[in-house]
Amino acid sequence: MQKMLRKLIPLGMLALSVASVSAQEAIDTGDTAWLLISTALVMLMIPGVGFFYGGMVRSKNVLSTIMLILATLSLVSVLWVLYGYSLAFGSSIAGFVGGLDYLGLRGVGMEPNGTIPHLLFMMFQGMFAIITVALVAGGIVERMKFSAWLVFATLWLTLVYAPIAHWVWGGGWLGELGALDFAGGTVVHINSGISALALALVLGARKGFGSVSMEPHNIPMTVLGAVLLWFGWFGFNAGSALAADGIAALAFVNTNTATAAAALTWMFLSWRHRAPSVLGIATGAVAGLVAITPAAGFVSPMASIAIGIGAGIVCYYALLFRMNRNIDESLDVWAVHGMGGTWGAIATGIFASVGATGLLAGNPAQVGVQLVGVLATWVYAFLVSYILARIVDTVIGLRVTEEEEEVGLDLAQHGERAYA
Amino acid sequence: MQKMLRKLIPLGMLALSVASVSAQEAIDTGDTAWLLISTALVMLMIPGVGFFYGGMVRSKNVLSTIMLILATLSLVSVLWVLYGYSLAFGSSIAGFVGGLDYLGLRGVGMEPNGTIPHLLFMMFQGMFAIITVALVAGGIVERMKFSAWLVFATLWLTLVYAPIAHWVWGGGWLGELGALDFAGGTVVHINSGISALALALVLGARKGFGSVSMEPHNIPMTVLGAVLLWFGWFGFNAGSALAADGIAALAFVNTNTATAAAALTWMFLSWRHRAPSVLGIATGAVAGLVAITPAAGFVSPMASIAIGIGAGIVCYYALLFRMNRNIDESLDVWAVHGMGGTWGAIATGIFASVGATGLLAGNPAQVGVQLVGVLATWVYAFLVSYILARIVDTVIGLRVTEEEEEVGLDLAQHGERAYA
Amino acid sequence: MQKMLRKLIPLGMLALSVASVSAQEAIDTGDTAWLLISTALVMLMIPGVGFFYGGMVRSKNVLSTIMLILATLSLVSVLWVLYGYSLAFGSSIAGFVGGLDYLGLRGVGMEPNGTIPHLLFMMFQGMFAIITVALVAGGIVERMKFSAWLVFATLWLTLVYAPIAHWVWGGGWLGELGALDFAGGTVVHINSGISALALALVLGARKGFGSVSMEPHNIPMTVLGAVLLWFGWFGFNAGSALAADGIAALAFVNTNTATAAAALTWMFLSWRHRAPSVLGIATGAVAGLVAITPAAGFVSPMASIAIGIGAGIVCYYALLFRMNRNIDESLDVWAVHGMGGTWGAIATGIFASVGATGLLAGNPAQVGVQLVGVLATWVYAFLVSYILARIVDTVIGLRVTEEEEEVGLDLAQHGERAYA
Amino acid sequence: MKKIEAVIRPERLEAVREALDAQGFHGMTVTRVEGRGRQKGITLQWRAGEYRVEFLPKVKIEMVVAEQDVEKVVDIICSTAATGKIGDGKIFILPVEDVVRVRTKERGKDAI
Amino acid sequence: MKKIEAVIRPERLEAVREALDAQGFHGMTVTRVEGRGRQKGITLQWRAGEYRVEFLPKVKIEMVVAEQDVEKVVDIICSTAATGKIGDGKIFILPVEDVVRVRTKERGKDAI
Amino acid sequence: MKKIEAVIRPERLEAVREALDAQGFHGMTVTRVEGRGRQKGITLQWRAGEYRVEFLPKVKIEMVVAEQDVEKVVDIICSTAATGKIGDGKIFILPVEDVVRVRTKERGKDAI
Ligand SMILES: Nc1ncnc2c1ncn2[C@@H]1O[C@H](COP(=O)(O)OP(=O)(O)O)[C@@H](O)[C@H]1O
Ligand SMILES: Nc1ncnc2c1ncn2[C@@H]1O[C@H](COP(=O)(O)OP(=O)(O)O)[C@@H](O)[C@H]1O
Ligand SMILES: Nc1ncnc2c1ncn2[C@@H]1O[C@H](COP(=O)(O)OP(=O)(O)O)[C@@H](O)[C@H]1O
């Protein structure tokens, strides 16, 4: 975002955000206030993912599902300050990954980076890294060994997330190419969705998948997660303006509008099928949030409605496709984040009109650039995640035993149960 | 609020907020940061209403209750950007409703409106519209057809909410008259409360109302909703200052103080009756939040204690009155929001002392003006809501079948159940 | 904090926060925006404590547990504006307690105090007072009479919290001595932890403690509480910078990092014992949040990792120690807040390097000063709390009857039950 | 004495209770159960598409009554609980050898 | 062999379990149920005012024991579960024809 | 007619249901219960350290079947529910005097 911002200034953003981008870098308290709270909002999305996922598993696995998220939050928080930030935002090594200049946050202090303290930019980015890893867990709930998850998560952060974040935002090749990704459609969503699919394929389906009912044990919990996501996503998208300005306001409005449109779309699709579904409207909302992410600061509110409707349709049918193929990518990270992110990245190329120009504004080439970004992320994320999963499987094993799976992971892996 | 702000400047607010209102309009990053997060806070109140209501219904209807709120959030989000904002804030047609100048957000962009981007003001207002519609749902849970709700909500937003918002904040006749409504006592609370009553009267009582126990199925869920409301209301009230200034701070303090006082009052009333009730303290808190809404930036913290105590008493007895009349306005939108808002509007006329003067500050006429606002809202909201309800009932029917009601709306209307 | 800030300026903070501290005091909208939302964040921590505690008790006592917190929130909100703020921040009486100058908020208005409105500073401080009282309730759940709690809470706020807050932040002797406490390690955490222990000792153990299983009835509820705490704590710690500046960013990063490190530490300790525990990681996170509180704006992120790890170890073994001693300080306020706060206060003396110097920066004397602060708080809080508890016990009785305890406090004290 | 175990639809419980109350049968113990029979589970909506749940929520009423009341109680339950659609439930009648009232240690019919 | 079904107050469960344990009766199955009898429901607080719930939470203990142990078990339960107030519960004694231990397919008394 | 009450491990319920289904036994009522026997509760993790829970979650299956089916059903349950470890559960067989189908008031075997 920071780098992107600089890049975009010649493209016309300068005029728009003149009030908040100063020539000599100095901290602006308003921008800093907005980024502080935005960072906190993105942090809240992380347990939001935990509840969103936790409500959809069986009650014998709800703690283990939440634990995947809590442990990821804790683990990546520490890894990010130790070396993750450096790999993603250190001085570029051939446009592919960041150098080790920021190891242990050396040189990352209270001085301004744009109009906010560098430390704050680092933390805002850190929350993005954490949530991306956390999202991947949706593919593997109810059967993955906790220890294997910790190992996989560490490797994946290092070898998948950090490089891709660098490509797009850290001064890497994709950003240089002109790919538009306002708040992380490729880096966060395509990335996590594809990787969840690769990992789930290696891991295999849950015992009884397809025959035994895997009823969501607590839909209000899933709704709680969904609304925390909706709420926190204002920080995620509007915070990505890195300023409290008009672009932030635009991103905010687009986030809400696209989400609402996608939620309605999904609701009507489920209604056409049978009845307006609560799990459906919640899932549709997340699909809309995902799809507007890369576009949030580049499109008009009317375009965001189109993006939202598209997200509802694309993800709904992707989910059905996944089910029909009998693939147990359990909580549909691929269908919602992978496909939603893909649609969003392409749609950004189509609808961009603020601070950048897309197809409809007469720049069809942008769609091509977006496709390059999408493709690169799909291929890299899938391949590396697949290989990492195979390695972890071979070395320590990915799955719990059949008996542990039957009894439930809460008891088997954590010695606890959720409800007395 | 924007209009109101301008209006009030001659009344003495200028001196107080001189730091944040600039002569030539320009975006202030601090004000914008505060309005961005305030808008997000008000958004969070909406699912807060969902949990607040959802915990109080039977478990067979919790999803349908939450769904009313989620669908309202999605639906009104889209309608608001399409035409709602224009009807409320477009150039005034005879002081009664806004024109179509802002249709599809034409002309609503990143330029400053006061010290914040116009888009942001639009979105902040949008969240108010959504929550007002959502509140109405409390009157009709556990028996209203979902499709009928969507139709009613659309009509109601268009024909009731938008005009009344225009009257008070959009340059309409009530604002011109000098009615004080800091953050929506009439527009949001009286309006939703009276309308819920009208709709519930047309709809009729739940099957078994009065004989069968309608036990709240999950009081902690209701508490979760109540505290999200309390939290989000800081954005609702202090955000209505439209700046991060002393008035915002005052509104914040008053919001917290009145709420606490009302919660304590209700707690002691329930204690006198039998025992200090958790549902009671939560309800009291909401009553306090409602009552301080119109007054938040106009009164002193000591006055806010009085307003809070009054809110507790008024709403407690209003609720008992409603029960004794055997009216199934199920979750007491009328008693808490309608009567709490009425008390708050009058109390603003009594206690106003900051940037406006009320009875105790020697301006008894203000009480009269407030009463006009109250009365106009009661009459208009009741009549139009009642008529709309009758029309929808005639055309598509308001109620589910008896059997659906017995089985529960989660299964009957949405094909889902909350808990496995 | 305000006073502390002034005090610290000669110590080197001036250079760091020059952007946000103006010579002539004037409101800064960015700082004000940050403090407004920080205050709201701290408010959200309070019900967070309610859910954190509520999930850990038996289902027959969950409402009574949440009620302790809601009633405290309401009660102290009112007491604080009436006289609490004055006792803590009024002009110092011999460095021990504040005078009555601010009674009923006389003289506390919209004028700047530093760069934010005085009213806002008052409210931010008010939330700290509330949460401190609320934390104490963790020691006495499932058996204390509700009325006795209200009386104790009032006395404790007046005679324990207000003086200690004054000592450290209000211009009292501990602040003068140079004790470092960025956001309340002594005032909030040691204070509540020790007092909970004293109160629990007077109250006695729950019936069946040690033999009957006291299974946590809803661990996801506890997780919800823990993540609301984590989220809100960004306001608590980074808000204590009283500005949206580099120090706020540093405090934010340290808060997140220490918390994550402590959570991981606790997770691994529970794993070594048996399995990685969800209750464990949540408890570890809170321990980390507690320990970084006094240090947040004074240390580097790398030091915060060390503080977090230390917190995990100290509190884990303190909790085991408490259990082995068969003391029913039920939800371990002493072990987590008391001991975590003690470790944090000492660690601040060891690691301080930003705007202050600790042991490792060549100022071993700071550790001594910190120890004085710790000791004074331990002794004063324990003694006065113990005496107050004995008095309340004698006058109105602290405990419910045995039968009420068996039936559960929800029904016995509040006439309600949580779940239908 | 006999024990009557009636498995019925949850939404009929209130009506059954009222009808039994009206006839002076107050003593009963109720359990939330899940059942299967001719009615074979239920289809619920997933995020998109559907999934099957093999058991349906039912309510089991247990009543110990004197021999001569059995038919009366069975009649009341049948007539108030029946909707005519598959899944209305079953009533089982079991022999009971003795009844004890915990509070008083009364035995047999006096204890019901 | 007989089946003892005791419906008692939930708050007495732990005491009953301990007393039975102490006398060597470990095998039991417990269900959360709702009951009604002379004690006719309960009044709970609504936001203001009150509402009635017709059923009270109870706990049902099921134990299959040898003929000669029936009286002993009934005694233990009565003495530990009774509070002397209405609503203490009932014990029903039912005939059992056979018992099977799932793990070993043992039958009859050996399986208890 | 007999009533079969089988208390088994919750994680075996699906397998047992499938096996019974396959043999044409569809009618059953299932209750979530808690049990104790040789297997004496479970140790769970507290924030640090552990605590004991005296009851373990089990599932009770109730089926009323014709006399001649009893052994078959018992066999199916035993073979699918057994894991060989303590705590697999018990089956109780009780006499039933009559069965009524609520919907039709059919009686006896026809009603099962
Ligand atoms: N053989 C049986 N043993 C125990 N319970 C049964 C049996 N058959 C049915 N039930 C219970 O009765 C309920 C209704 O039975 P079902 O066959 O679906 O409907 P109907 O009795 O109307 O034909 C089932 O859900 C189950 O709880
Ligand atoms: N006839 C009955 N059949 C089944 N259960 C009964 C019967 N009578 C009472 N019970 C159960 O016993 C409980 C206590 O009975 P109640 O009459 O209230 O008290 P008491 O036995 O002390 O007179 C009831 O809540 C109910 O669960
Ligand atoms: N005497 C009994 N009466 C009723 N239920 C029993 C009895 N004994 C055991 N049970 C039930 O059977 C379950 C398994 O019994 P247990 O003795 O632990 O294992 P196993 O039958 O394999 O030896 C218990 O949890 C309990 O629910």
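Residues numbered from 1 in each chain as written. Chains lettered and ligands numbered in written order. Predicted model: local features only at pLDDT ≥ 70, side-chain atom pairs only at ≥ 80, totals over all residues. Heavy atoms only, no water.

Visitor: Lay out the overall build of chain D in plain terms, naming residues and giving numbers.
Guide: Secondary structure assignment for chain D yields 2 helices and 7 strands. Reading the secondary structure of chain D in the N-to-C direction produces β-α-β-β-β-β-α-β-β. Taking the principal axes of its C-alpha atoms as reference, chain D extends roughly 60 × 25 × 20 Å. The buried share of chain D, taken over its 112 residues, is 65%. (Helix = DSSP H or I, 4+ residues; strand = E, 2+ residues; numbered from the N terminus. Buried < 20%, exposed > 50% of the residue type's maximum accessible area, 1.4 Å probe, protein only.)

Visitor: Quick rundown of the nonpolar core? Include the residues and the values.
Guide: Counting residues in hydrophobic clusters, the biggest one holds 533 residues, and the most contacted among them are Trp 149 of chain A, Trp 149 of chain B together with Trp 149 of chain C. For this core, the element with the highest residue contribution is helix α4 (residues 62-89) of chain A, accounting for 20 residues. With near-sequence residues (within four places) excluded, Trp 149 of chain B lies in contact with Leu 68, Thr 72, Val 133, Val 136, Ala 137, Ile 140, Met 144 and Leu 199 of chain B. (Core = buried A, V, L, I, M, F, W, Y, C linked by side-chain atoms within 4.5 Å. Contact = heavy atoms within 4.5 Å.)

Visitor: Got a sec to walk through the interface of chain D and chain A? Specific residues and values, please.
Guide: By a widely used convention, the size of an interface equals the accessible area lost when the partners come together. Facing 11 residues of chain D, the contacting portion of chain A comprises 24 residues. Taking both sides of the interface into account, the surface hidden between chain D and chain A amounts to around 1,400 Å²; carbon and sulfur atoms contribute 53%. On the chain D side of the interface with chain A, the three residues burying the most area are Gln 45, Trp 46 and Arg 47 of chain D, jointly 58% of the side's total. Taken together, the links from chain D to chain A amount to 1 salt bridge. (Buried area = accessible area lost by both parts, 1.4 Å probe. Salt bridge = Lys/Arg side-chain N within 4 Å of Asp/Glu carboxyl O.)

Visitor: Requested: an account of the relation of the copies chain A and chain B, with residues and values cited.
Guide: Overlaying chain A on chain B yields an RMSD of 0.0 Å, the required transformation being a rotation through 120 degrees with an accompanying axial translation of 0.0 Å. One copy is carried onto the other by what is essentially a three-fold rotation axis. Within chain A, Gly 30 of chain A has its C-alpha nearest the rotation axis, a separation of 2.2 Å. (Least-squares fit on C-alpha atoms with pLDDT ≥ 70 in both.)

Visitor: Explain the site of ligand 3 to me, and be specific about the residues and the numbers.
Guide: Around ligand 3, the structure places 22 residues, and the nearest of them are Thr 29, Arg 101 and Arg 103 of chain E together with Arg 38 and Lys 90 of chain F. Ligand 3 is flanked by residues contributed from chains E and F. Val 64 of chain E has a polar backbone atom sitting 2.9 Å from a nitrogen atom of ligand 3. Coverage of ligand 3 by the protein amounts to 99% of the 550 Å² it exposes when considered alone. Among the secondary structure elements, those contributing two or more residues to the shell around ligand 3 are β2 (28-36) and β5 (56-65) of chain E together with β2 (28-36) and β6 (89-95) of chain F. Considering only residue class, the shell around ligand 3 consists of 7 nonpolar, 7 polar and 8 charged. (Near = heavy atom within 4 Å. Polar contact = N/O pair within 3.5 Å; in protein donor to acceptor, adjacent residues only side chain to side chain. Areas by Shrake-Rupley, 256 points an atom, 1.4 Å probe, with all protein chains shown as cover. Nonpolar A, V, L, I, M, F, W, Y, C, P; charged D, E, K, R; others polar.)

Visitor: I'd like a description of the arrangement of the chains, backed by residues and values.
Guide: In this structure chain C stays clear of chain D, and the shortest span between their C-alpha atoms is 12 Å. The two units chain A and chain E never meet; even their closest C-alpha atoms stay 12 Å apart.

Visitor: Mind laying out the site of ligand 2, listing which residues take part and the relevant values?
Guide: Ligand 2 sits among 22 residues. The nearest are Thr 29, Arg 101 and Arg 103 of chain D together with Arg 38 and Lys 90 of chain E. More than one chain lines the surroundings of ligand 2; the residues nearby belong to chains D and E. In this structure, Arg 101 of chain D approaches ligand 2 through a side-chain N or O atom, which is 2.8 Å from an oxygen atom. Backbone polar atom of Gly 89 of chain E to an oxygen atom of ligand 2: 3.4 Å apart, as the coordinates give it. Notes on ligand 2: free accessible area 550 Å², of which the protein chains cover 98%. Elements with a contribution of two residues or more to the shell around ligand 2: β2 (28-36) and β5 (56-65) of chain D together with β2 and β6 (89-95) of chain E. In terms of residue class, the shell around ligand 2 is made up of 7 nonpolar, 7 polar and 8 charged.

Visitor: Quick one: what's the story with the packing of aromatic side chains, residue by residue and with numbers?
Guide: A ring pair, where both rings are aromatic, is described by two values, the distance of the centres and the angle of the planes. Applying the stated criterion to the full structure yields 75 aromatic pairs over all chains. Considering the side-chain rings of Phe 52 of chain B and Tyr 53 of chain B, the 6.2 Å spacing of their centres and the 40 degrees angle between planes classify their relative orientation as tilted. The class for Phe 52 of chain B is buried, based on a relative accessible area of 3%. On the basis of an interplanar angle of 20 degrees and a centroid distance of 5.2 Å, the ring pair of Tyr 85 of chain B and Phe 89 of chain B is categorised as stacked. Taken together, the positions of Tyr 85 of chain B and Phe 89 of chain B, both in helix α4 (residues 62-89) and 4 residues apart, correspond to about one turn of that helix. Grouping residues by exposure puts Tyr 85 of chain B and Phe 89 of chain B together as buried. Grouped by ring-pair contacts, the aromatic residues Trp 80, Tyr 85, Phe 89, Tyr 102, Phe 121 and Tyr 161 of chain A constitute a single cluster. (Phe/Tyr/Trp six-rings, centres within 6.5 Å; stacked < 30°, edge-to-face > 60°.)

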